[in-house]
Amino acid sequence: MHMQRDNEGIRLPKLLGLAVAGATLLAGMVVLPATQASAATDYGYNAEDDFRPGALQTDVHPQLTVTKYLSLAQGYSPTGSSKDMEKLNANADLVPAKGIAFNVRQVTPKEGQTLADIDAKDDTTYIVQKNYIGVTDGQGVINTWYPADNASNAPTVDISDTSKAVSFPAGANYWYVLVENREQSPAFKADNPNKLDSHKYQNAAPSFFGLPYAATSLDATDTASQVQGYIYHLHLYPKNMNITQFSKTVQSVKDSQNNVKPQRTAVAGDTISYKLTQKLYNTGVQTPKDGMLDVSELHGDGKDLRIVDRMSSSLKLKGEFKVVLHADGVKDLPLAEGATADYTESQPTSNPDALFAGKKMFANEAPSSNVSYYQFDFFNTLTKVKSFTPKAFLLVITYDATVTGDGDSTGTDGVANDAASDFTENVDGEGNHQDPIREHTNVINAVLAFGAVQNEKTKFAALPDTEFRLIKSEAEPDAYLASDGNFYAEGKVPDGVQLYKATANKNGLVAFAALPVFGTPAPAARDAGKTVQAGNWLLKETKTPKDWRNPGIPFHTVTFGDAGKTEEQVAQEYGPHATIQPDYAKLGFGKFGRTPQQITDGGGTAIQFNNVPVQTYLAHYATSDGDAPLALPLTGGRGILLLLVVGALIMGGALYARNRRNNAARA
């Protein structure tokens, strides 16, 4: 089972802040006489761009690759080359957007008009001749296109069947409009448990271009040395309008050796770098009810802005927070913590209040006390923020967190992390204070989730505080799975290694997080990188609440069906926020197991992980239940029947003794 969450879901997790629209690509470059084709790299392009100098080659079918990111970065002036990615990579806030549909419409001008009259943002300015559609994969990429209906923009074939894919025609005078299609995007479907928040999302601006795409060499230092030609494999990176004032992003994931991972996969012992970003403005003009916090609107009483970060049990703060004011091209300005400095930092023990009464920073209460809250209140003094001169800038909080072996205590995503922001200008046009802006992040990790419940008599009520571990075999019942993939007894764990455990929260959810499924493949396949391992572990209940019986046996088997896939393949298929889950049909609880149907039919409540019901439940027997499998025989409590039997035996013995004495006296 696989679920995706948008950071930044796909939630796909909640959505990261989205950046301004990228510049619209225009076509119509001057065509010069043909020259001998040469490698694209000779002209500053990458080979995959297939740039060819000279006249258009009519026998070459062009290609189009669209890559969609959720980003806080401003849009760059595009070249149509895959080299644009080098500029984008300078911004670590990028997160691939999975499940976003785009249409590529082949268009012509309306009668009596020319190409110059076409406006990509106005579909009344052109006529659609043909229509194509594609959906971004887990890397945010579309490089396969399918026919679509001209009127509805919906696909006319099964887009999961690559044999139905089509190519773009070769030759001159083929013009296209690229349009984002939210209606056909899986990322926004109601049945997607981690769908993107449509209220924070604005479609990328449409683009108008030709295929092949007329362009000039990128290595030219002046106009005279430019070489004209065509890109036969056009790369586009459409951007969105940023309509949120706050975001949280994952900057990187490092392994236990402090090496940055190429894919954001996490196991216990890894380090994740996070960034919280709040927009601020310095226009010098107070504009009430605009939803934007300007320096001129700050009061300096510590109640201008509140940011709270919530970490699940699968994360532990590493080091300290770093807080700065940031703007491109300007040196960062560090802020100091303290009551008489720029801000104060605290650690609440529960969901904090928002700045305004009646609201909480997080809409959902954590179902466990095993979470960490970190609260930042700005600004105590205004000296530094007023000295920062850019007209628009960011307040940035960065920190590192270690991935732990403790099960996730929030009920979403495994390695889960939430943040929220509230500020004085967080209001609508009427001046009504809005809910805090909330963000959610996670990374690719392997999880195991199920329900721990009581028995039928309690209508399968949750059984919180039940603890579980993973073992290798029945022959080694006290050697537990650790972050290095090996098994150790308590007290015999090497330095830097953590044992995995998961404890049922108050809802009865048991969730292991960041399990070590990414291992080194066989020597013959090591060039492919780390691959998913099957696991094949056993599940053992190690602690059981008072008055409930421990099953006493290990349960078979925790095994992952994605075994053999590389980390890159997992990210490509399931997106950057995937939770890889085992085959629950192979985790047999036997007489202790209950299906979701049995739970709800018995009056119980479905337990959820990642906003969908778990697939299996472990039910428990009370210590007073006489029909429990593997139960010890009762040693008392048989009631009056036992007293009667004992009394009869005593009376019978007394009569026998008296008769013997009487007989002896008569003899």
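Numbers given for residues are sequential positions, taken from 1 along each chain in its written order. In view of the model being predicted, local features appear only for residues whose pLDDT reaches at least 70, and side-chain atom pairs are presented and counted only at 80 or more, with totals across whole chains, interfaces and linings using the full set of residues. In computing side-chain properties, one takes all heavy atoms of the structure into account and sets aside hydrogens as well as water.

### Remarks on the sheet that holds strand β14 (residues 233-236)
Paired through their backbone hydrogen bonds, the strands of a sheet run either parallel or antiparallel. What counts, and what does not: Following DSSP output, two strands are said to pair if at least two bridges run between them. Elements are defined by DSSP. Helices are runs of H or I of four residues or more, strands are runs of E of two residues or more, and each kind is numbered from the N terminus.
Read from one edge of the open sheet, three strands run β8-β3-β14, paired in mixed fashion. Edge strands, defined here as strands with exactly one partner in the open sheet, are β8 (141-142) and β14. Here strand β3 (residues 63-67) runs beside β8; their pairing, made up of two bridges, is antiparallel. Residue pairing across strands places Thr67 opposite Val141, the latter belonging to β8.

### Details of the packing of aromatic side chains
Geometrically, a pair of aromatic rings is defined through the distance of the ring centres and the angle of the planes. For the record, the criterion: Only the six-membered ring of Trp is used, alongside the rings of Phe and Tyr, when aromatic pairs are assigned; centres must lie within 6.5 Å, and planes under 30 degrees apart are stacked while those over 60 apart are edge-to-face, with the rest tilted. Buried means the residue's accessible area, taken with a 1.4 Å probe over protein chains only, is under 20% of the maximum for its type, while exposed means over 50%, and partly exposed covers the values in between. Each ring is checked for a lysine NZ or an arginine CZ that lies within 6 Å of its centre and within 35 degrees of its normal; such an atom marks a charge sitting over the ring.
Summed over the entire model, instances satisfying the criterion amount to 23 aromatic pairs. Pairing Phe450 with Phe468 gives two aromatic rings, centres 5.1 Å apart and planes at 85°, and the pair type is edge-to-face. One end of the pair, Phe450, is in strand β25 (residues 445-453); the other, Phe468, is in strand β26 (residues 467-471), with 18 residues separating them in the sequence. Like Phe468, Phe450 is buried. Members of the aromatic cluster, each reached through a chain of ring pairs, are Tyr274, Phe321, Tyr343, Tyr374, Phe376, Phe378, Phe379 and Tyr399. When the ring centre of Tyr232 is taken as origin, the NZ or CZ atom of Arg52, which lies over that ring, is 5.1 Å away. Positioned above the aromatic ring of Phe188, the side-chain terminus of Arg182 is 5.0 Å from the ring centre.

### Considering the pairing of strand β24 (residues 437-442)
Taking burial as the measure, the six residues of β24 include six buried ones, the bulk of the element. Residues Ile437, Glu439 and Thr441 line one face of β24 and the alternating positions Arg438, His440 and Asn442 line the opposite face, and both faces are buried.

### Observations concerning the sheet that holds strand β9 (residues 146-147)
Pairing within the open sheet is antiparallel, and its five strands lie in the order β9-β7-β6-β10-β11. On the outer flanks of this sheet lie β9 and β11 (207-210), each paired with one strand and no other. Inspection of the sheet shows strand β10 (residues 175-181) paired to β11 by four bridges, in the antiparallel sense. Residue Tyr176 lies in a different strand from β11, and its bridge partner there is Phe209.

### Quick notes on helix α3 (residues 567-574)
So the rule is basically this: Throughout, the arc means the angular range of directions from the helix axis out to the C-beta atoms.
Residues of α3 that are buried: Glu567, Val570, Ala571 and Tyr574. End-on, the buried residues of α3 take up no more than an arc of 95°, which puts them together on one face. A positive phi of about 95° marks Gly575, the residue just after α3.

### Focus: the pairing of strand β21 (residues 372-378)
Counting buried residues along β21, six of its seven residues qualify, which places the element largely inside the surrounding structure. Bridge count for strand β17 (residues 305-311) against β21 is seven bridges, and the pairing is antiparallel. Counted as the bridge partner of Leu305 is Phe378 from β21.

### Examining the environment of Val415
Threshold: Every residue pair with non-hydrogen atoms within 4.5 Å of one another is taken to be in contact.
One can find Val415 in the loop between β22 (392-403) and β23 (416-423). Take Val415: its relative accessible area is 0%, and that puts it in the buried class. Each C-alpha atom of the pair Val415 and Ile444 lies 8.2 Å from the other, and the pair is 29 residues apart in sequence. Dropping the residues within four chain positions of it, Val415 is found in contact with Ala266, Ile272, Tyr274, Ser314, Leu315, Val403, Thr441, Asn442, Val443, Asn445, Ala513 and Ala514.

### Description of the confidence of the model for the protein chain
Rules: Scored between 0 and 100, pLDDT is the confidence that the predictor attaches to each residue.
Averaged over the protein chain, the pLDDT score is 87; the fraction of residues at 70 or greater is 85%. With pLDDT under 50 throughout, residues 4-37 is counted as low confidence; its partners more than four residues away or in other chains account for 164 contacts. pLDDT under 50 marks residues 521-527. Its contacts with residues more than four places away, or in other chains, come to five contacts.

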